[in-house]
Amino acid sequence: MVAEAKEKVNFKTNKSFPRQLEDEAIYILREVAAQFEKPAILFSGGKDSITIVRLAQKAFYPGKIPFPLLHVDTGHNFPETIEFRDALVKELGVELIVRNVEDSIKQGKVKEETGKYASRNALQTVTLLDAIEEHKFDACIGGARRDEEKARAKERIFSVRNDFGQWDSKKQRPEIFDMLNGKIEIGENVRVFPISNWTELDVWNYIKEEELEIPSIYYSHERDVFDRDGMIWSDSEFINKSADEIPYKSIVRFRTVGDMTCTAAVSSDANTIDQIIEEILGAEISERGARIDDKRSEAAMEKRKQQGYF
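The following refers to the structure shown. For clarity, every value in this text was computed on a predicted model and none was experimentally measured. (Residues numbered from 1 in each chain as written. Predicted model: local features only at pLDDT ≥ 70, side-chain atom pairs only at ≥ 80, totals over all residues. Heavy atoms only, no water.)

## Observations regarding the environment of Lys47
Step number 1: Topologically, Lys47 is positioned in helix α3 (residues 47–60).
Step number 2: Among the residues examined, Lys47 registers a relative accessible area of 1% and is labelled buried. (Helix = DSSP H or I, 4+ residues; strand = E, 2+ residues; numbered from the N terminus. Buried < 20%, exposed > 50% of the residue type's maximum accessible area, 1.4 Å probe, protein only.)

So, in structure tokens, the structure goes:
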């Protein structure tokens, strides 16, 4: 029976992926379960959060993942991502909590942006903090990695947020070796990043070795797109196009998955994991180079994190 279960989950022995990274992440997830009363996994439907879910499967096998998945839905997500999210949750039998930015807008807690570069991405913060307060989550597990962006490189694995949900990079605890301190005061919570020490390439090698399914938009496909600021954007009713931004069809894929209004595509013929890995090895920009929200200012990500962002 156990052998059959292991075969179904497809727990493989990694070959090209550094096994110590998986061991570290599993240790972190088990520490979360041991030190916190009500954790949740922040789930976007992207490759990093999918990786976190697989690691959680391994960490608590043969039991089910003991944490719910929390998705903050902007309402402007790629439909392929939402379809994948729902299919994965059904397959794993885990609890999914969805909170919508649209509700925060209707409640007057945030204001819809206007103009050419309008996006709901930054508005997620309020919805997330409300969800944390509503469910009394004391730890939220995310898929952020230190190689993604310089502000994320400042994060600890157990990253403390104050009772307003805010982050102060100067008040983070030292983490010596594998000693993780989850002690928090009433009202505080912790963001946990089990794959902090992974790179984008590590994630893709893990996906390959584990044969994980991912949303189809990560693979090359024909899509209606348009050009803006030297980048390729998916044609969407959610994006405010100018008259000269004329849609056309092109073969593209996405290196990162976020709100459609701030996530650009890349020209690519990579339609297998091996081809994606080869493409990344030759890439000259980071994956978040296709995220326009990171380009609003030099410290855009850090300011959002200080306000309570992922």
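That shown, we press on.
## What to know about the side chain of Asn77
Step number 1: Structurally, the position occupied by Asn77 is in the loop between β2 (69–73) and α4 (79–92).
Step number 2: Within the structure, Asn77 has its side chain in polar contact with the backbone nitrogen of Thr74 (distance 3.3 Å).
Step number 3: Setting aside its immediate chain neighbours within four residues, Asn77 contacts His71, Ile82 and Met260. (Polar contact = N/O pair within 3.5 Å; in protein donor to acceptor, adjacent residues only side chain to side chain. Contact = heavy atoms within 4.5 Å.)

## A short note on empty space enclosed by the protein
Any space left empty among the atoms is revealed by the rolling of a water-sized probe across them.
Step number 1: Overall, the coordinates contain 2 cavities of 30 Å³ or more when judged by the stated rule.
Step number 2: Along the wall of the second largest cavity there are 10 residues; nearest its centre are Lys116, Tyr117, Arg228, Ile239 and Thr261.
Step number 3: Split by domain, the lining of the second largest cavity shows at least three residues from each of two domains, domain 1 (19–204 + 299–306) and domain 2 (214–294). (1 Å grid on protein atoms, 1.4 Å probe; cavity = no way out; pocket = protein on both sides within 12 Å on 5 of 7 lines; lining within 4 Å. Points joined across faces, edges and corners; volume = space filled by probe spheres on them. Domains from an automatic or database assignment.)

## Considering the sheet that holds strand β6 (residues 189–192)
Step number 1: Here we have 6 strands laid out as an open sheet, ordered β3-β2-β1-β4-β6-β5, and mixed in their pairing. Edge positions in the sheet fall to β3 (96–100) and β5 (158–161), since each has one partner strand and no second. Sheet twist, expressed as the mean angle between neighbouring strand axes with direction ignored, is 30°.
Step number 2: Inspection of the sheet shows strand β1 (residues 39–42) paired to β2 by 2 bridges, in the parallel sense. Directly across from Leu42, in β2, lies its bridge partner Leu70.
Step number 3: Helix-sheet contacts for helix α6 (residues 124–135) involve β1, β2, β3, β4 (139–141) and β6, and the interaxial angle to β3 is about 135°. (Pairing = 2+ DSSP bridges. Axes fitted to C-alpha atoms, helices over the stretch in contact; angles between N-to-C directions.)

## Overview of the pairing of β5
Step number 1: What you see with β5 is no split at all: Phe158 and Val160 on one side and Ser159 and Arg161 on the other are buried throughout.
Step number 2: As judged from the 4 bridges shared by β5 and β6, these two strands associate in the antiparallel manner. The residue bridging Ser159 from the neighbouring strand is Arg191, located in β6.

## Some thoughts on the pattern of salt bridges
Step number 1: Tallied over the entire structure, the rule returns 21 salt bridges.
Step number 2: For Glu210, the salt bridge identified is with Lys58, shortest N-O distance 2.9 Å. Linking Glu210 in helix α7 (residues 200–210) with Lys58 in helix α3, this pair joins segments that are 152 residues apart in sequence.
Step number 3: Between Glu200 and Arg255 there is a salt bridge, and its shortest N-O distance comes to 2.7 Å. Taken together, the residues Glu200 in helix α7 and Arg255 in the loop between β9 (248–253) and β10 (266–267) connect sequence positions 55 residues apart. For the pair shown, Glu200 and Arg255 are each scored as buried.
Step number 4: One salt-bridge network, in which partners are shared between bridges, spans Arg19, Glu22, Arg54, Lys58 and Glu210. (Salt bridge = Lys/Arg side-chain N within 4 Å of Asp/Glu carboxyl O.)

## A closer look at the sheet that holds strand β7 (residues 221–228)
Step number 1: In spatial order, the strands read β8-β7-β9-β10; together these 4 strands make up an open sheet with antiparallel pairing. The sheet terminates laterally at β8 (231–234) and β10, the two strands that pair on one side only.

## A few points about the nonpolar core
Step number 1: Phe158, Trp198 and Trp204 are the most contacted members of the largest nonpolar core, which has 56 residues in total.
Step number 2: Elements represented by at least two residues in this core include exactly α2 (19–35), α3, α4, β4, β5, β6, α7 and α8 (273–281).
Step number 3: When residues in this core are grouped by element, the largest group, 7 residues, is from α3.
Step number 4: Counting only domains with at least three residues in this core, you end up with domain 1 (19–204 + 299–306) and domain 2 (214–294).
Step number 5: If you look at the next biggest cluster of nonpolar residues, it comprises 14 residues, including Leu42, Leu70, Ala131 and Cys140. (Core = buried A, V, L, I, M, F, W, Y, C linked by side-chain atoms within 4.5 Å.)

## Some points on the packing of α2 against α3
Step number 1: Where α2 meets α3, the closest approach of the two axes is 9 Å, and the angle between their N-to-C directions is 70°. Here α3 runs roughly perpendicular to α2, going by the angle between their axes. For the pair formed by α2 and α3, the contact residues are Glu22, Ala25, Ile26, Leu29, Arg30 and Ala33 on the first element and Ile52, Leu55, Ala56, Lys58, Ala59 and Phe60 on the second.
Step number 2: When grouped by side-chain class, the residues that make up the contact of α2 with α3 number 9 nonpolar, no polar and 3 charged. (Parallel < 35°, antiparallel > 145°, perpendicular 65-115°, else oblique. Nonpolar A, V, L, I, M, F, W, Y, C, P; charged D, E, K, R; others polar.)

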